Amino acid sequence: MDNDTQKSLITVNTDAASENPDSILNTEEFSIFYGDFEAVRKVSCSFFKHHVTAIIGPSGCGKSTLLRGMNRMNDLIPGCRADGKMIFDNANIYDRTIDVVQLRKRIGMVFQKPNVFPKSIFDNVCYGPRLHGIRKRSQLEEIVERSLNQAAIWDEVKDRLHTNAIGLSGGQQQRLCIARALAITPEIILMDEPTSALDPKSTTKIEDLIGELQKEYTIVIVTHNMQQAARISHFTVFMYEGDMIEFGKTQKLFTKPEKKETEDYITGRFG
(Lines give C-alpha, C1' and ligand atoms only; values in the text may rest on other atoms or scores of the structure.)
Protein backbone atom coordinates (compact mmCIF):
# COMPACT_ATOMS: atom_id res chain seq x y z
CA MET A 1 0.00 0.00 0.00
CA ASP A 2 1.42 3.41 -0.92
CA ASN A 3 1.98 6.10 1.71
CA ASP A 4 -0.90 8.34 0.57
CA THR A 5 -3.38 5.47 0.72
CA GLN A 6 -2.08 4.37 4.11
CA LYS A 7 -2.41 7.93 5.40
CA SER A 8 -6.00 8.26 4.19
CA LEU A 9 -7.03 4.99 5.77
CA ILE A 10 -5.63 6.08 9.12
CA THR A 11 -6.69 9.70 9.36
CA VAL A 12 -9.95 10.32 7.55
CA ASN A 13 -12.29 8.69 10.08
CA THR A 14 -12.18 11.53 12.59
CA ASP A 15 -15.25 10.67 14.68
CA ALA A 16 -14.17 7.95 17.09
CA ALA A 17 -16.70 5.31 18.05
CA SER A 18 -18.19 5.54 21.51
CA GLU A 19 -16.42 3.41 24.09
CA ASN A 20 -19.64 1.72 25.24
CA PRO A 21 -22.23 2.12 22.48
CA ASP A 22 -25.71 0.64 22.78
CA SER A 23 -26.45 -2.19 20.39
CA ILE A 24 -29.64 -2.00 18.36
CA LEU A 25 -29.29 -5.17 16.26
CA ASN A 26 -27.46 -8.38 17.14
CA THR A 27 -26.74 -11.51 15.14
CA GLU A 28 -26.28 -14.81 16.95
CA GLU A 29 -24.80 -17.68 14.94
CA PHE A 30 -26.72 -16.25 12.00
CA SER A 31 -26.58 -18.07 8.66
CA ILE A 32 -28.31 -17.67 5.30
CA PHE A 33 -28.73 -20.48 2.78
CA TYR A 34 -29.60 -20.46 -0.91
CA GLY A 35 -30.83 -24.01 -1.21
CA ASP A 36 -27.95 -26.10 0.14
CA PHE A 37 -25.37 -23.34 -0.30
CA GLU A 38 -24.47 -21.51 2.93
CA ALA A 39 -23.83 -17.92 1.76
CA VAL A 40 -23.47 -16.47 5.27
CA ARG A 41 -22.03 -18.74 7.94
CA LYS A 42 -22.74 -18.41 11.68
CA VAL A 43 -22.13 -14.66 12.01
CA SER A 44 -22.28 -13.19 15.52
CA CYS A 45 -21.81 -9.43 15.93
CA SER A 46 -23.56 -6.23 17.05
CA PHE A 47 -24.65 -3.07 15.30
CA PHE A 48 -24.76 0.07 17.42
CA LYS A 49 -27.20 2.97 17.75
CA HIS A 50 -26.20 6.20 15.98
CA HIS A 51 -23.05 4.64 14.57
CA VAL A 52 -22.11 3.70 11.01
CA THR A 53 -21.00 0.11 10.45
CA ALA A 54 -19.38 -0.84 7.15
CA ILE A 55 -19.42 -4.38 5.78
CA ILE A 56 -16.47 -5.02 3.48
CA GLY A 57 -15.04 -7.98 1.60
CA PRO A 58 -14.43 -9.27 -1.92
CA SER A 59 -17.24 -9.91 -4.38
CA GLY A 60 -19.36 -12.92 -3.48
CA CYS A 61 -18.29 -12.99 0.17
CA GLY A 62 -21.83 -12.66 1.55
CA LYS A 63 -21.81 -9.01 2.60
CA SER A 64 -24.93 -7.97 0.65
CA THR A 65 -26.68 -11.19 1.65
CA LEU A 66 -26.00 -10.41 5.31
CA LEU A 67 -27.26 -6.84 4.86
CA ARG A 68 -30.48 -7.94 3.17
CA GLY A 69 -30.99 -10.43 5.97
CA MET A 70 -31.39 -7.54 8.41
CA ASN A 71 -34.85 -6.64 7.14
CA ARG A 72 -35.70 -9.98 5.53
CA MET A 73 -35.34 -8.83 1.95
CA ASN A 74 -33.96 -12.29 1.23
CA ASP A 75 -37.46 -13.67 1.85
CA LEU A 76 -38.22 -12.59 -1.71
CA ILE A 77 -35.66 -15.06 -3.12
CA PRO A 78 -37.02 -18.58 -3.75
CA GLY A 79 -35.15 -21.25 -1.78
CA CYS A 80 -33.51 -18.76 0.58
CA ARG A 81 -33.71 -19.49 4.31
CA ALA A 82 -32.06 -18.29 7.50
CA ASP A 83 -30.75 -20.07 10.57
CA GLY A 84 -29.63 -18.71 13.93
CA LYS A 85 -30.95 -15.42 15.29
CA MET A 86 -31.16 -11.78 14.24
CA ILE A 87 -32.27 -9.88 17.34
CA PHE A 88 -33.98 -6.49 17.04
CA ASP A 89 -36.10 -4.93 19.77
CA ASN A 90 -35.66 -8.06 21.92
CA ALA A 91 -37.15 -10.33 19.26
CA ASN A 92 -35.76 -12.64 16.60
CA ILE A 93 -36.87 -11.00 13.36
CA TYR A 94 -37.10 -14.47 11.77
CA ASP A 95 -39.76 -15.57 14.24
CA ARG A 96 -42.99 -16.49 12.45
CA THR A 97 -44.94 -13.92 14.47
CA ILE A 98 -42.94 -10.96 13.07
CA ASP A 99 -44.86 -8.55 10.81
CA VAL A 100 -42.39 -8.11 7.95
CA VAL A 101 -44.09 -4.94 6.66
CA GLN A 102 -43.66 -3.29 10.06
CA LEU A 103 -40.10 -4.60 10.29
CA ARG A 104 -39.18 -2.94 6.98
CA LYS A 105 -40.75 0.29 8.23
CA ARG A 106 -38.30 0.28 11.14
CA ILE A 107 -35.33 -1.00 9.12
CA GLY A 108 -35.27 0.81 5.77
CA MET A 109 -33.06 0.12 2.77
CA VAL A 110 -31.27 1.98 -0.01
CA PHE A 111 -30.05 -0.09 -2.95
CA GLN A 112 -26.94 -0.03 -5.12
CA LYS A 113 -28.58 1.65 -8.09
CA PRO A 114 -31.12 4.44 -7.62
CA ASN A 115 -34.53 2.83 -8.04
CA VAL A 116 -36.85 5.82 -8.24
CA PHE A 117 -40.44 5.15 -9.24
CA PRO A 118 -41.66 6.66 -12.54
CA LYS A 119 -43.74 9.11 -10.54
CA SER A 120 -43.33 12.65 -9.31
CA ILE A 121 -40.69 13.49 -6.71
CA PHE A 122 -43.51 14.15 -4.25
CA ASP A 123 -45.17 10.77 -4.88
CA ASN A 124 -41.84 8.95 -4.56
CA VAL A 125 -41.35 10.28 -1.05
CA CYS A 126 -45.01 9.73 -0.12
CA TYR A 127 -45.06 6.12 -1.26
CA GLY A 128 -44.16 4.59 2.12
CA PRO A 129 -46.26 6.89 4.32
CA ARG A 130 -49.30 6.27 2.09
CA LEU A 131 -48.66 2.52 2.29
CA HIS A 132 -48.81 2.85 6.06
CA GLY A 133 -52.13 4.71 5.99
CA ILE A 134 -51.23 8.41 5.94
CA ARG A 135 -53.60 10.25 3.60
CA LYS A 136 -53.89 13.82 4.93
CA ARG A 137 -52.34 16.19 2.40
CA SER A 138 -50.84 18.60 4.92
CA GLN A 139 -49.19 15.72 6.77
CA LEU A 140 -47.78 14.30 3.55
CA GLU A 141 -46.42 17.71 2.57
CA GLU A 142 -44.69 17.99 5.94
CA ILE A 143 -43.16 14.51 5.55
CA VAL A 144 -41.92 15.31 2.04
CA GLU A 145 -40.23 18.55 3.07
CA ARG A 146 -38.67 16.99 6.18
CA SER A 147 -37.40 13.92 4.32
CA LEU A 148 -35.97 15.86 1.39
CA ASN A 149 -34.27 18.25 3.79
CA GLN A 150 -32.76 15.35 5.72
CA ALA A 151 -31.54 13.89 2.43
CA ALA A 152 -29.93 17.24 1.52
CA ILE A 153 -31.89 17.61 -1.71
CA TRP A 154 -34.82 19.88 -0.78
CA ASP A 155 -33.26 23.08 -2.12
CA GLU A 156 -32.57 21.39 -5.46
CA VAL A 157 -36.10 20.05 -6.03
CA LYS A 158 -38.53 22.16 -3.95
CA ASP A 159 -39.73 24.02 -7.06
CA ARG A 160 -40.38 20.86 -9.08
CA LEU A 161 -41.90 18.41 -6.63
CA HIS A 162 -44.56 17.37 -9.15
CA THR A 163 -42.17 16.61 -12.02
CA ASN A 164 -41.12 13.05 -12.83
CA ALA A 165 -38.24 11.82 -10.67
CA ILE A 166 -36.72 10.05 -13.68
CA GLY A 167 -35.46 13.45 -14.84
CA LEU A 168 -33.13 13.83 -11.85
CA SER A 169 -29.40 13.13 -12.11
CA GLY A 170 -28.05 9.84 -10.74
CA GLY A 171 -26.79 11.45 -7.54
CA GLN A 172 -30.07 13.29 -7.02
CA GLN A 173 -32.01 10.08 -7.62
CA GLN A 174 -29.99 8.29 -4.95
CA ARG A 175 -30.61 11.09 -2.45
CA LEU A 176 -34.30 10.91 -3.35
CA CYS A 177 -34.19 7.18 -2.57
CA ILE A 178 -32.65 8.03 0.80
CA ALA A 179 -35.43 10.58 1.39
CA ARG A 180 -37.98 7.90 0.52
CA ALA A 181 -36.42 5.59 3.11
CA LEU A 182 -36.41 8.38 5.71
CA ALA A 183 -40.08 9.23 5.07
CA ILE A 184 -41.23 6.21 7.09
CA THR A 185 -38.98 7.22 10.03
CA PRO A 186 -36.89 4.05 10.34
CA GLU A 187 -34.51 3.36 13.19
CA ILE A 188 -31.92 1.65 10.99
CA ILE A 189 -30.97 2.45 7.39
CA LEU A 190 -29.33 -0.29 5.33
CA MET A 191 -27.29 0.86 2.35
CA ASP A 192 -26.07 -1.62 -0.27
CA GLU A 193 -23.14 0.05 -2.10
CA PRO A 194 -25.15 3.29 -2.45
CA THR A 195 -22.40 5.20 -4.28
CA SER A 196 -20.99 2.54 -6.60
CA ALA A 197 -22.94 3.88 -9.60
CA LEU A 198 -22.21 7.56 -8.85
CA ASP A 199 -19.56 10.05 -9.90
CA PRO A 200 -17.02 11.34 -7.32
CA LYS A 201 -18.92 14.58 -6.63
CA SER A 202 -22.19 12.74 -5.96
CA THR A 203 -20.33 10.17 -3.86
CA THR A 204 -18.97 12.94 -1.65
CA LYS A 205 -22.48 14.33 -1.15
CA ILE A 206 -23.80 10.91 -0.11
CA GLU A 207 -20.88 10.37 2.28
CA ASP A 208 -21.44 13.79 3.85
CA LEU A 209 -25.12 12.95 4.15
CA ILE A 210 -24.35 9.68 5.92
CA GLY A 211 -22.27 11.63 8.42
CA GLU A 212 -25.26 13.83 9.20
CA LEU A 213 -27.83 11.02 9.26
CA GLN A 214 -25.94 8.94 11.81
CA LYS A 215 -26.79 11.57 14.42
CA GLU A 216 -30.41 10.37 14.24
CA TYR A 217 -30.23 6.93 12.66
CA THR A 218 -28.18 3.76 12.80
CA ILE A 219 -26.56 3.04 9.43
CA VAL A 220 -25.17 -0.21 8.06
CA ILE A 221 -23.45 0.12 4.69
CA VAL A 222 -21.99 -2.46 2.33
CA THR A 223 -19.12 -1.00 0.34
CA HIS A 224 -16.44 -2.38 -1.94
CA ASN A 225 -14.43 0.81 -1.39
CA MET A 226 -12.14 0.44 1.63
CA GLN A 227 -11.24 4.12 1.65
CA GLN A 228 -14.93 4.90 1.88
CA ALA A 229 -15.34 2.49 4.79
CA ALA A 230 -12.47 4.22 6.57
CA ARG A 231 -13.91 7.67 5.88
CA ILE A 232 -17.46 7.17 7.06
CA SER A 233 -17.73 4.23 9.47
CA HIS A 234 -17.15 3.73 13.18
CA PHE A 235 -17.14 -0.08 12.99
CA THR A 236 -16.24 -2.50 10.22
CA VAL A 237 -17.19 -6.11 9.50
CA PHE A 238 -14.81 -7.99 7.18
CA MET A 239 -16.44 -10.91 5.37
CA TYR A 240 -14.70 -13.60 3.35
CA GLU A 241 -16.33 -16.62 1.68
CA GLY A 242 -19.40 -16.37 3.90
CA ASP A 243 -17.51 -16.07 7.17
CA MET A 244 -17.10 -13.00 9.34
CA ILE A 245 -13.31 -12.90 9.64
CA GLU A 246 -13.05 -9.81 11.83
CA PHE A 247 -15.26 -7.17 13.44
CA GLY A 248 -14.21 -4.10 15.36
CA LYS A 249 -13.64 -0.37 15.41
CA THR A 250 -12.77 0.81 11.93
CA GLN A 251 -9.57 2.65 12.80
CA LYS A 252 -8.16 -0.37 14.64
CA LEU A 253 -9.23 -2.85 11.97
CA PHE A 254 -7.55 -0.82 9.23
CA THR A 255 -4.34 -0.07 11.14
CA LYS A 256 -3.85 -3.09 13.43
CA PRO A 257 -6.03 -5.95 12.19
CA GLU A 258 -6.05 -9.08 14.33
CA LYS A 259 -6.38 -11.56 11.46
CA LYS A 260 -3.92 -12.11 8.63
CA GLU A 261 -6.78 -12.42 6.12
CA THR A 262 -7.93 -8.92 7.08
CA GLU A 263 -4.46 -7.48 6.67
CA ASP A 264 -4.03 -9.22 3.32
CA TYR A 265 -7.35 -7.82 2.06
CA ILE A 266 -6.93 -4.22 3.17
CA THR A 267 -3.38 -4.10 1.82
CA GLY A 268 -4.54 -5.34 -1.58
CA ARG A 269 -2.98 -8.81 -1.57
CA PHE A 270 -6.32 -10.22 -2.76
CA GLY A 271 -9.84 -9.06 -3.50
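A short tour of the structure in this document, coming up.

What counts, and at which threshold
- In every chain, residue numbers begin from 1 and rise along the written sequence.
- Side-chain atom pairs in this predicted model are given and counted only at pLDDT of 80 or more, local residue features only at pLDDT of at least 70, and totals for whole chains, interfaces and linings cover all residues.
- With hydrogens and water excluded, all non-hydrogen atoms of the structure serve as input to the side-chain values.
- Only protein atoms enter the 1 Å grid used here. Points where a 1.4 Å probe fits but cannot escape make up a cavity, open sets with protein on both sides within 12 Å along at least five of seven lines make up a pocket, and a residue lines them when an atom lies within 4 Å of a point.
- Grid points are joined across faces, edges and corners, and a volume is the space filled by probe spheres set on the points.
- Secondary structure elements follow DSSP: runs of H or I of four or more residues count as helices, runs of E of two or more count as strands, with numbering from the N terminus.
- Just so you know the grouping, Ala, Val, Leu, Ile, Met, Phe, Trp, Tyr, Cys and Pro go in nonpolar, Asp, Glu, Lys and Arg go in charged, and all remaining residues, Gly too, go in polar.
- Here's how the labels work: a residue is buried when its accessible area is under 20% of the maximum for its type, exposed when over 50%, partly exposed in between, all with a 1.4 Å probe on protein chains only.
- Charge assignment: positive for Lys and Arg, negative for Asp and Glu; neither His nor the chain ends contribute.
- For salt bridges, the criterion is a side-chain nitrogen of Lys or Arg within 4 Å of an Asp or Glu carboxyl oxygen.
- A 3.5 Å cut-off defines polar contacts: any pair of N or O atoms within that distance qualifies, except that in protein one atom must be a possible hydrogen donor and the other a possible acceptor, and neighbouring residues in sequence count only when both atoms are side-chain atoms.
- In what follows, residue pairs with any heavy atoms lying within 4.5 Å of each other are defined as contacts.
- The rule is short: rings of Phe, Tyr and Trp, with Trp giving its six-membered ring, pair when the centres are within 6.5 Å, and they are stacked under 30 degrees, edge-to-face over 60, tilted in between.
- One bridge is not enough; two strands pair if DSSP finds at least two bridges between them.
- All axes are obtained by fitting lines to C-alpha atoms, using only the stretch in contact for helices, and the reported angles, taken between N-to-C directions, cover 0 to 180 degrees.
- Oblique is the label for any angle not under 35 degrees, not over 145, and not in the 65 to 115 range, which are roughly parallel, roughly antiparallel and roughly perpendicular in turn.
- Should the near helix be turned anticlockwise from the far one by less than a right angle, the crossing is termed left-handed; should it be turned clockwise, right-handed.

Approximately 510 Å³ is the volume found for the largest pocket. If you trace the largest pocket, you find 19 residues lining it, with Arg-104, Met-109, Tyr-127, Arg-180 and Ile-184 closest to the centre. Contributing elements (two or more residues each) for the lining of the largest pocket: helix H3 (100-106), strand E6 (107-110), helix H4 (121-131) and helix H7 (170-182). Of the residues belonging to the lining of the largest pocket, the class tally is 11 nonpolar, 5 polar and 3 charged.

On to the side chain of Glu-246, then. Within the secondary structure, Glu-246 is located in strand E10 (residues 243-249). Here Glu-246 is buried and forms no salt bridge, its nearest opposite-charge partner Lys-252 lying at an N-O distance of 5.1 Å. A distance of 2.7 Å separates a polar side-chain atom of Glu-246 from the backbone nitrogen of Glu-258. Within the structure, the side chain of Glu-246 is placed 2.8 Å from the side chain of Thr-262, a separation counted as a polar contact. Apart from the residues within four sequence positions on either side, Glu-246 is in contact with Thr-236, Val-237, Phe-238, Leu-253, Pro-257, Glu-258, Lys-259 and Thr-262.

Our focus in this paragraph is the packing of aromatic side chains. Applying the stated criterion across every chain, the model contains 5 aromatic pairs. Ring geometry for Phe-48 against Phe-235: centres 4.8 Å apart, planes inclined by 45°, an arrangement best described as tilted. Linking Phe-48 in strand E2 (residues 37-48) with Phe-235 in strand E9 (residues 235-240), this pair joins segments that are 187 residues apart in sequence. Assessed through its relative accessible area of 6%, Phe-235 is described here as buried. By the ring-pair criterion, three or more aromatic residues cluster together here, those being Phe-48, Phe-235 and Phe-247.

Here the phi dihedral of Lys-42 falls at roughly 50°; this positive angle occurs in a residue that is not glycine. Note that Lys-42 resides in strand E2. Look at Lys-42 and you get partly exposed, because its relative accessible area is 49%. Not every positive phi belongs to a glycine, and Glu-193 is a case in point at roughly 50°. Assignment of secondary structure puts Glu-193 in the loop between strand E7 (188-192) and helix H8 (200-213).

Quick look at the pairing of E9 now. Extensive coverage of E9 is indicated by the burial of 5 of its 6 residues. For strand E3 (residues 52-56) and E9, the ladder comprises 4 bridges, and the chain directions are parallel. When the sheet's bridge partners are listed, Ile-55 is paired in E9 with Val-237. The turn linking E9 back onto E10 is made up of 2 residues, and Glu-241 within it adopts a positive phi angle of 50°.

With that settled, consider the packing of H7 against H8. Running from amino to carboxyl end, H7 crosses H8 at an angle of 20°, the nearest separation of the two axes being 9 Å. When the axis of H7 is compared with that of H8, the two are roughly parallel. Every pair of crossing elements has a handedness; the one defined by H7 and H8 is right-handed. Contacts between H7 and H8 involve Gly-171, Gln-174, Arg-175, Ile-178 and Leu-182 on the former and, on the latter, Ser-202, Lys-205, Ile-206, Leu-209 and Leu-213. Taken together, the residues that form the contact of H7 with H8 break down as 5 nonpolar, 3 polar and 2 charged.

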